[in-house]
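What the coordinates show
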Amino acid sequence: MKEISAIQIKEAVSAGLLKACCSLSSCVLSKIKIAKNEEKSALAKATLEQIIENAEIADSETLPMCQDTGIVTCFVEIGYDVHIACDLYEAINTGVKDAYERYYFRKSVAHPLSRKNTGDNTPAIVHVKMVPGDKLKIMLVPKGAGSENMSKLKMLNPTDGKQGIIDFVVSAVKEADGRPCPPIFLGIGIGGNFETAPMMAKEALARTERSSDPEIAELEETILREVNKTNVGPMGLGGDTTCLDVFINTYPCHIASMPVAVNIQCHANRHVEVVL
């Protein structure tokens, strides 16, 4: 049985958040560069060039790529053969606090009604699942409010079918317009129930490849194509590049319902996985 301590978790979370907030993954950055080369609108192309320049400066100088360093969501996988010798939630939050204080990241977490800031960007939002193995994996997702506020959940009727899903997603993107700082990524959760669909949508944003289910992979491509016909464009200024990619997670649902959640993510699709 492998034992993992509080200090290991704290240090891994703190280092992971530094990387997530200051360095876009090569996968995300390459999608933006490809989009810039294919973009027909001169204004959209210039906007994408500025996004790329900003990301490169942030990475080289170890500075946040955006002033909104977000609220931290953690997707945690605990191996059956791992013993966590501490309070997992406390250890994660200690790492979040350390990162946001040590690296001077903006602290954006507040009480929902009084709006009093917690002062250290905690608590994080933590989702835990048990899996085979002897590792602890933490996917760190610092998410800003500009894109999160544009996300939507709808309980569709099963008879709405694929077209109903496509129409709902496209409508959500049109309504959001330039507010989530496009070009965006779309995480979509289909199925489960009222609470699982949004969590699947958030988790889908950390994926980098098409679904292994051919039918879902085709739907991802269709939604990407339809969203990019909206002419929202980079920063809402028009163009071919409204969305950089679409990822869908699914789960079986009740015969009488079809929950669909759309989690909109700005071009700074920040996520880092740490493994202990």
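Our structure's up above, just so we're on the same page.
Our subject in this report is the structure included herewith. Just so we're clear, the structure is a prediction, and the values are computed from it rather than from any experiment. (Residues numbered from 1 in each chain as written. Predicted model: local features only at pLDDT ≥ 70, side-chain atom pairs only at ≥ 80, totals over all residues. Heavy atoms only, no water.)

Counted according to the given criterion, the structure contains 17 salt bridges. Of the charged contacts, one joins Lys152 and Glu175 as a salt bridge, the two residues approaching to 3.5 Å between their closest N and O atoms. Of this pair, Lys152 sits in strand 6 (residues 152-156) while Glu175 is found in helix 6 (residues 161-176), placing the two residues 23 residues apart along the sequence. Exposure remark for Glu175: the relative accessible area of 46% places this residue in the partly exposed category. When the shortest N-O distance is used, the salt bridge between Lys162 and Glu215 registers 3.0 Å. Taken together, the positions of Lys162 in helix 6 and Glu215 in helix 8 (residues 214-227) put the pair 53 residues apart, joining distant regions of the chain. Residue class for Glu215 comes out partly exposed when judged on its relative accessible area of 45%. Salt bridges here are not isolated pairs; linked through shared partners, they connect Lys31, Arg207, Arg210, Glu220, Glu221 and Asp245. (Salt bridge = Lys/Arg side-chain N within 4 Å of Asp/Glu carboxyl O. Helix = DSSP H or I, 4+ residues; strand = E, 2+ residues; numbered from the N terminus. Buried < 20%, exposed > 50% of the residue type's maximum accessible area, 1.4 Å probe, protein only.)

Of the consecutive residues Thr122 and Pro123, the connecting peptide bond is found in the cis state with omega at 5 degrees. Structurally, Pro123 is set in the loop between helix 4 (88-102) and strand 4 (125-131). Note that the residue after Pro182, namely Pro183, is joined by a cis bond; omega there is 15 degrees. Along the chain, the position of Pro183 falls in the loop between helix 6 and strand 7 (184-191). With phi around 65 degrees, Arg115 is a residue other than glycine that occupies positive phi space.

Strand-to-strand pairing in sheets goes through backbone hydrogen bonds, with the strands running parallel or antiparallel. Spatially, 6-9-7-8 is the arrangement adopted by the four strands of the open sheet, whose pairing is mixed. At either margin of the open sheet sits one strand with a lone partner, and together these are strand 6 and strand 8 (243-251). Across the sheet, the mean angle from the axis of one strand to that of its neighbour is 15 degrees, orientation sign disregarded. As paired strands, strand 7 and strand 8 are joined by eight bridges and run parallel to one another. Residue pairing for strand 8: Phe185 is matched across the bridge by Asp245. Along the sheet, helix 6 makes contact with strand 6, strand 7 and strand 9 (258-265), crossing strand 9 at roughly 30 degrees. Sheet strands in contact with helix 8 are strand 7 and strand 8, and its direction is about 145 degrees off that of strand 8. (Pairing = 2+ DSSP bridges. Axes fitted to C-alpha atoms, helices over the stretch in contact; angles between N-to-C directions. Contact = heavy atoms within 4.5 Å.)

A word on the packing of aromatic side chains. This model, assessed by the stated rule, comprises two aromatic pairs. Geometrically, the ring pair formed by Tyr100 and Phe105 is edge-to-face, given 5.4 Å between the ring centres and 80 degrees between the ring planes. Note on Tyr100: relative accessible area 0%, which makes it buried. By way of ring pairs, the aromatic residues Tyr100, Tyr103 and Phe105 are connected into one cluster. (Phe/Tyr/Trp six-rings, centres within 6.5 Å; stacked < 30°, edge-to-face > 60°.)

Attention now goes to the sheet that holds strand 2 (residues 71-79). In space, the four strands of this open sheet follow the order 4-2-5-10, with mixed pairing throughout. Strands at the two margins of the open sheet, each flanked by one partner only, are strand 4 and strand 10 (272-275). Across this sheet, the average inter-strand angle for adjacent strands is 15 degrees, counted without regard to direction. When strand 2 meets strand 4, the two strands line up parallel, connected through seven bridges. Across the sheet, residue Thr73 finds its bridge partner in strand 4, namely Ile125.

For the pair helix 6 and helix 8, interaxial distance at closest approach is 10 Å and the crossing angle is 40 degrees. Handedness of the helix 6/helix 8 crossing: right-handed. Across the interface between the two elements, Lys162, Ile165, Ile166, Val169, Val170 and Val173 of helix 6 pack against Glu215, Leu219, Thr222, Ile223, Glu226 and Val227 of helix 8. Its residues assigned to classes, the contact of helix 6 with helix 8 shows eight nonpolar, one polar and three charged. (Left-handed = near helix turned anticlockwise from the far one by under 90°. Nonpolar A, V, L, I, M, F, W, Y, C, P; charged D, E, K, R; others polar.)

Tracing the backbone through its elements, the reader meets Val126 in strand 4. Aside from chain neighbours lying at most four places away, what touches Val126 is Cys74, Val76, Tyr89 and Ile92.

Ranked by size, the top nonpolar core spans 28 residues in total, and within it Ile9, Cys74, Val76, Ile92 and Ile138 carry the most contacts. Sort the elements by how many residues they give to this core and helix 1 (residues 6-22) lands first, with seven residues. Those residues in contact with Cys74, other than ones at most four positions away along the chain, are Ile92, Ala124, Ile125, Val126, His127, Ile138, Met139 and Leu140. Phe168, Val169, Ile188 and Met258 belong to the second-largest nonpolar core, a separate cluster that totals 25 residues. (Core = buried A, V, L, I, M, F, W, Y, C linked by side-chain atoms within 4.5 Å.)

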